Amino acid sequence: MLVTVDEAKKWLRIDVNEDDALLQTLIEAAARYIRNATGRDFEGDELAKVLALVLVADWYENRALVGRTSDQVRPMVRGILLQLG
């Protein structure tokens, strides 16, 4: 797993447990997004971890976008995916 729920909560500054199941789903979706975009898994890769956290945060804060990225983070996502590829 690229990111744990606790890491995502720290990144998002969430102190409650209400959204843990949602965060777990978003974490799994982010890992799949990265795997589908690159064709590889990146366990333990810090850059992939940051990308997963960026995706989780973007989707958490813009829930209608799950599976896509907002205009604000799209350039960063593309840049990191190019580096990971």
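Structural data are supplied above this passage.
Residues numbered from 1 in each chain as written. Predicted model: local features only at pLDDT ≥ 70, side-chain atom pairs only at ≥ 80, totals over all residues. Heavy atoms only, no water.

How would you explain the packing of helix 2 (residues 20–38) against helix 3 (residues 46–61) if you had to name every residue and give the values?
Following both chains from N to C, one finds helix 2 and helix 3 inclined at 130°, their axes separated by 9 Å at the closest point. As judged from the angle between their axes, helix 2 and helix 3 are oblique. Helix 2 and helix 3 meet at a crossing whose hand is right-handed. Where helix 2 abuts helix 3, its residues Leu22, Leu23, Leu26, Ile27, Ala29, Ala30, Tyr33 and Ile34 lie against Ala48, Leu51, Ala52, Leu55, Val56, Trp59 and Tyr60. Residue classes in the contact of helix 2 with helix 3 are distributed as 15 nonpolar, no polar and no charged. (Axes fitted to C-alpha atoms, helices over the stretch in contact; angles between N-to-C directions. Helix = DSSP H or I, 4+ residues; strand = E, 2+ residues; numbered from the N terminus. Parallel < 35°, antiparallel > 145°, perpendicular 65-115°, else oblique. Left-handed = near helix turned anticlockwise from the far one by under 90°. Contact = heavy atoms within 4.5 Å. Nonpolar A, V, L, I, M, F, W, Y, C, P; charged D, E, K, R; others polar.)

Could you give an account of helix 2, with specific residues and numbers?
Given 3.6 residues per turn, any residue in an α-helix points the same way as the ones three and four places further on. End to end, helix 2 covers 27 Å across 19 residues, agreeing with the expected 27 Å (1.5 Å per residue, within 8%). Those residues of helix 2 not exposed but buried are Leu23, Leu26, Ile27, Ala30, Ile34 and Thr38. All buried residues of helix 2 fall inside an arc of 105° around its axis, so they share one side. For helix 2, the exposed residues set more than 90 degrees away from the buried face come down to Ala21, Arg32 and Asn36. Considering only its buried residues, helix 2 is in contact with helix 1 (5–12), helix 3 and helix 4 (74–84). Looking at the residues trailing helix 2, positive phi occurs at Gly39, about 80°. (Expected span 1.5 Å × (residues − 1). Buried < 20%, exposed > 50% of the residue type's maximum accessible area, 1.4 Å probe, protein only. Arc of directions from axis to C-beta.)

Any chance you could break down the pattern of salt bridges for me, citing the residues and the numbers?
Here the structure, examined in full by the defined rule, presents 3 salt bridges. Asp20 is the partner of Lys9 in a salt bridge, and the nearest nitrogen-oxygen pair spans 3.1 Å. With Lys9 in helix 1 and Asp20 in helix 2, the pair connects residues that are 11 residues apart, well separated along the chain. Two residues, Asp41 and Arg35, come together in a salt bridge whose shortest N-O distance is 3.0 Å. On the basis of relative accessibility, which here comes to 56%, the residue Asp41 falls in the exposed class. (Salt bridge = Lys/Arg side-chain N within 4 Å of Asp/Glu carboxyl O.)

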